[in-house]
Amino acid sequence: MAESETMSLPVQTGDKRGCSEDKDEDVPSKKPKVESDHENGGAPDLNEEEPAEEASEEDDDGDTFADMMKHGLTETDVGILKYVSDHEGFSGILKERYSDFVVHEINKQGKTVHLDDLSIPVDSEQASETEQLPKESDVLTEEQKKQLGELQLFKNKEGNVAIEVMDDTKEKRTLVHKAIKTQFPGLETKTEEKDGRKFIVAYHAAGKKALAGIVATEAPRKHFWPKNRGSYCHFTLYKENKDTMDAINVLSKFLRLRPNMFSYMGTKDKRAITVQEIAVLKITAERLAHLNKCLMNLKLGNFCYKNHPLKLGELQGNHFTVVIRNISGTSEQVHQAMTSLKTTGFINYFGMQRFGTTAVPTQHVGRAILRNDWNEVVDLILKPRPGAEKEFLVRCREEWAKSQDPEAALKKLPNKRCVEGQLLRGLSMYGKKNIVTAFGLIPRNSRLMYIHSYQSVVWNTMVSRRIDSFGLKAVEGDLVLRGTAAHVLSAEEAETHTIHDIVMPLPGFDVIYPSHHIGEGYREMLTADGLDIDNMRHKVKDYSLAGAYRRVVIRPTDVSWEVIHYDDPRISLVHTDFEKLENKPAPVFIKDGKYRALRMEFSLPPSTYATMAIREVLKLDTSIKKQTQLNTTWLN
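Taking an unreviewed UniProt entry as the reference, the protein chain is identified by name as Pseudouridylate synthase 7 homolog belonging to Nothobranchius furzeri. One UniProt comment on the protein chain, placed under Sequence similarities (unreviewed entry), says "Belongs to the pseudouridine synthase TruD family." Among the UniProt annotations of the protein chain, the heading Subunit (unreviewed entry) holds the following wording: "Interacts with SIRT1."

Encoded structure:
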């Protein structure tokens, strides 16, 4: 086994792409289960409520970011120590452009999800209505369309457009309402009567003053929904450089829906191009398709109607296309590394994104929650910390340290929806003697993220010890799954199993531990952290950990690779679904180009981190701290 060695991984730089020409985790349960949280798919940590926002540093300059990362985590801090292969590592640039990381969801039927059809499905009742009524495009004049278009594009957000209904019938008004909402997503309509004449008034959904004083003459009517049409519109979401919840929040605002009207099988990376299936309740494909005219970095297609929503974690996995630019490895090194990934796999560590990027790791907060030390929880989240942060967060922390006054500290925050703001609001409402209730104002899945992070660092640490002690073979005392239950291998049984069968537990009240000395290692680590491994039930039910089982080594499927040469570092090296729809040519590679890149493809099941597979290939430390230390010139 090769110990962890650090190789250079330059930090990501910008990428300019656009979707259109316009503009640019597992929740604790009573029974143990196979772990189902996943970097790009699976049941995510934030899976029920709109998550608490984090104060982002991504707009800061390189020096500020580098200063912050001086106090970040490295892989050794979270138990990531081992490799399964002994090939020589090499350097390369991961995610230099977000288009270097492309993810396609694999649905529960095993089909890879693609965006390849923008047409709108027509059901029989729709078809008969279309024959009887004039087309929506015919009911608006060119001048009206121009005015509505300006209103939609935020040129007159607080204004409105009034359209007089000359032929005043219910059918005609309905057609005008529908035409505006489908052709100009983000606009809302009301019927207004003035001087005996009826107008349909369109206003921007974001406007606050547009309809002040207007009295609607009709109560809002429910949209007609054919009985023979499925209640859910399923569609493919193609997104660039945007995470799943951000994308859903954008769609929600344009469609005037709550985010929980959408369902999906897993969350996907932000800094990537990703393709996944989404479902929404009783919104027509036509309305969704019209959003393509005004969305940036999002594209919707492959519409169909079904009678069921999507469920978190029911995907089979994800297919990745990853480009590592400017590689230093020889063709032989690349061949050895990729062959090892294909035949042996990689250690199924929880990746660095599981543990946060600030000077206060999320697992420390999780440990304090499990110890029922609520004063420490508050202190870890709110106290001043080393490293660069947004100025308003620095002022907020300083105020809290000085006065311990939640209302005074809260006034320093322009955005009250970040974790710090929600905790301070809870302390202001319920008092500092009722921290548990105050902490509960943070969305549930954001709270659970902390304790899952603690479980993850324990798992990583114990797996490193297991591989250090026994290598890549099954041994007596290891655990394997039989159904959903874990079984301890005897010496004889170990002879018939491989490392790919072995699982290790995330600590909890409903799991068993290996019977060899690694099992005792769990007890020692939790005891050192002030926890009782025999009593993982918490006074607060949400924080009781049942535990789960997770495979030690994962072998990717559908593995392929090629070394490509190119001259222009600004060009995309992957032909995306959107580019194919636009009939744009595939990238052309030059045999004697001055730059070399490794383009790899592989599929992973839920509960795995693609960055850990890439780590195994390149033999590098994937932490932002290490990347920053080794590549300050890239940041500057």
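So, on to the overall build of the protein chain. Summing up its helical and strand segments, the protein chain has 20 helices and 19 strands in all. Within the protein chain, the proportion of its 636 residues that are buried is 55%.

This brings us to the packing of aromatic side chains. A ring pair, where both rings are aromatic, is described by two values, the distance of the centres and the angle of the planes. Counted according to the given criterion, the structure contains 13 aromatic pairs. When the ring of tryptophan 225 is compared with that of tyrosine 305, the centres are 5.8 Å apart and the planes differ by 85°; the resulting orientation is edge-to-face. Here the residue tryptophan 225 occupies a position in the loop between strand S6 (197-204) and strand S7 (232-240), and tyrosine 305 occupies one in strand S10 (residues 298-306), the gap between them amounting to 80 residues. For the pair shown, tryptophan 225 and tyrosine 305 are each scored as buried. Residues phenylalanine 350 and tryptophan 459 carry aromatic rings whose centres are separated by 5.7 Å and whose planes lie at 85° to one another, so their mutual orientation is edge-to-face. Remark: tryptophan 459 occurs in helix H14 (residues 444-470) and phenylalanine 350 occurs in the loop between strand S12 (346-347) and helix H8 (362-370); sequence separation between them is 109 residues. With a relative accessible area of 0%, phenylalanine 350 lands in the buried category. Looking at tryptophan 459, the relative accessible area reads 0%, which means it is buried. Aromatic rings pair up to connect Trp374, Phe439, Tyr450 and Tyr543 into one cluster. One cation-aromatic arrangement involves lysine 95 over phenylalanine 101; the distance from NZ or CZ to the ring centre is 4.2 Å.

Helix length check: helix H5 (residues 244-255), at twelve residues, gives a terminal C-alpha distance of 16 Å against a target of 16 Å (1.5 Å per residue), a fit within 8%. Of all twelve residues making up H5, nine are buried, and the element is well covered by its neighbours. Of all the residues in H5, the buried ones are Thr244, Met245, Ala247, Ile248, Asn249, Leu251, Ser252, Phe254 and Leu255. Considering only its buried residues, H5 is in contact with S7, strand S8 (262-264), strand S9 (273-281), helix H6 (285-290) and S10.

What the three strands build is an open sheet, ordered S4-S6-S5; its pairing is antiparallel. Each of the sheet's edge strands pairs with one partner strand only, and the pair in question is strand S4 (160-164) and strand S5 (187-194). Taken over all neighbouring pairs, the strand axes of this sheet differ in orientation by 25° on average, direction set aside. The sheet contact formed by S4 and S6 spans five bridges and is antiparallel. Each residue of the ladder has a partner; that of valine 161, found in S6, is alanine 202. Helix H3 (residues 142-152) rests against S4, S5 and S6 of the sheet, and its axis sits at about 155° to S4. Against the sheet, helix H4 (residues 170-183) makes contact with S4, S5 and S6, and its axis sits at roughly 145° relative to S5, the strand it touches most.

This brings us to the state of the cysteines. One pass over the full model with this rule turns up zero disulfides. With no disulfide of its own, cysteine 304 lies 7.0 Å from the sulfur of cysteine 233, the closest cysteine sulfur. You can call cysteine 304 partly exposed: its relative accessible area is 28%.

Where strand S13 (residues 479-482) meets strand S14 (residues 485-488), four bridges bridge the pair, whose relative direction is antiparallel. When the bridges of S14 are listed, leucine 481 appears paired with alanine 486. The antiparallel hairpin formed by S13 and S14 contains two residues in its connecting segment, where glycine 483 sits at a positive phi of about 70°.

Quick look at the side chain of threonine 608 now. By the element assignment, threonine 608 lies in the loop between strand S19 (595-604) and helix H18 (610-618). Owing to a relative accessible area of 1%, threonine 608 belongs among the buried residues under this scheme. Only 2.5 Å separates the side chain of threonine 608 from the backbone oxygen of proline 605, close enough to count as a polar contact.

Turning next to the packing of H8 against helix H9 (residues 374-382). Viewed as axis vectors pointing N to C, H8 and H9 meet at an angle of 160°, and their least axial separation amounts to 8 Å. Between H8 and H9, the angle falls in the class roughly antiparallel. As for how H8 packs across H9, the hand of that crossing is left-handed. Across the interface between the two elements, His364, Val365, Ala368 and Ile369 from H8 touch Trp374, Glu376, Val377, Leu380 and Ile381 from H9. In terms of residue class, the contact of H8 with H9 is built from seven nonpolar, one polar and one charged.

Another point: the environment of leucine 604. Examined against the element boundaries, leucine 604 turns out to sit in strand S19. In the structure, leucine 604 is positioned 288 residues away from glutamine 316 in sequence and 8.5 Å away in space, judged by C-alpha atoms. Once residues within four sequence positions are removed from consideration, leucine 604 is found in contact with Gln316, Gly317, Asn318, Phe320, Phe346, Ile554, Pro556, Tyr609 and Ala610.

Looking now at the pattern of salt bridges. Inspection of the entire model under this criterion finds 22 salt bridges. Among the salt bridges present, the one from aspartate 468 reaches lysine 82, with a minimum N-O distance of 2.9 Å. In this pair, aspartate 468 sits in helix H14 while lysine 82 sits in the loop between helix H1 (62-69) and strand S2 (93-94), placing the two residues 386 residues apart along the sequence. Look at lysine 82 and you get buried, because its relative accessible area is 4%. For arginine 395, the salt bridge identified is with glutamate 391, shortest N-O distance 3.8 Å. Of the two residues, arginine 395 and glutamate 391 are both situated in helix H10 (residues 391-403); the distance of four residues between them amounts to about one turn of the helix.

With that settled, the discussion passes to H10. Spanning 13 residues, H10 covers 18 Å between terminal C-alpha atoms, matching the ideal 18 Å at 1.5 Å per step. Those residues of H10 that fall on the buried side of the exposure criterion are Leu393, Cys396, Arg397, Glu399 and Trp400. Take H10 and look down its axis: the buried residues cluster within an arc of 160°, on one side only. Where H10 is buried, its residues touch H9, helix H11 (406-410) and helix H12 (419-430).

Once that is clear, we can look at the packing of H8 against H14. For the pair H8 and H14, interaxial distance at closest approach is 7 Å and the crossing angle is 100°. Classified by the angle their axes make, H8 and H14 are roughly perpendicular. Mapping the contact onto sequence places Thr362, Gln363, Val365, Gly366, Arg367, Ile369 and Leu370 in H8 and Arg447, Met449, Tyr450, Ile451, Ser453, Tyr454 and Val457 in H14. In the contact of H8 with H14, the residues fall into eight nonpolar, four polar and two charged.

Rules behind the numbers
- Residues numbered from 1 in each chain as written.
- Predicted model: local features only at pLDDT ≥ 70, side-chain atom pairs only at ≥ 80, totals over all residues.
- Heavy atoms only, no water.
- UniProt positions renumbered as here; feature names shortened; annotations may be inferred.
- Helix = DSSP H or I, 4+ residues; strand = E, 2+ residues; numbered from the N terminus.
- Buried < 20%, exposed > 50% of the residue type's maximum accessible area, 1.4 Å probe, protein only.
- Phe/Tyr/Trp six-rings, centres within 6.5 Å; stacked < 30°, edge-to-face > 60°.
- Lys NZ or Arg CZ within 6 Å of the ring centre and 35° of its normal.
- Expected span 1.5 Å × (residues − 1).
- Contact = heavy atoms within 4.5 Å.
- Pairing = 2+ DSSP bridges.
- Axes fitted to C-alpha atoms, helices over the stretch in contact; angles between N-to-C directions.
- Disulfide = S-S within 2.5 Å.
- Polar contact = N/O pair within 3.5 Å; in protein donor to acceptor, adjacent residues only side chain to side chain.
- Parallel < 35°, antiparallel > 145°, perpendicular 65-115°, else oblique.
- Left-handed = near helix turned anticlockwise from the far one by under 90°.
- Nonpolar A, V, L, I, M, F, W, Y, C, P; charged D, E, K, R; others polar.
- Salt bridge = Lys/Arg side-chain N within 4 Å of Asp/Glu carboxyl O.
- Arc of directions from axis to C-beta.

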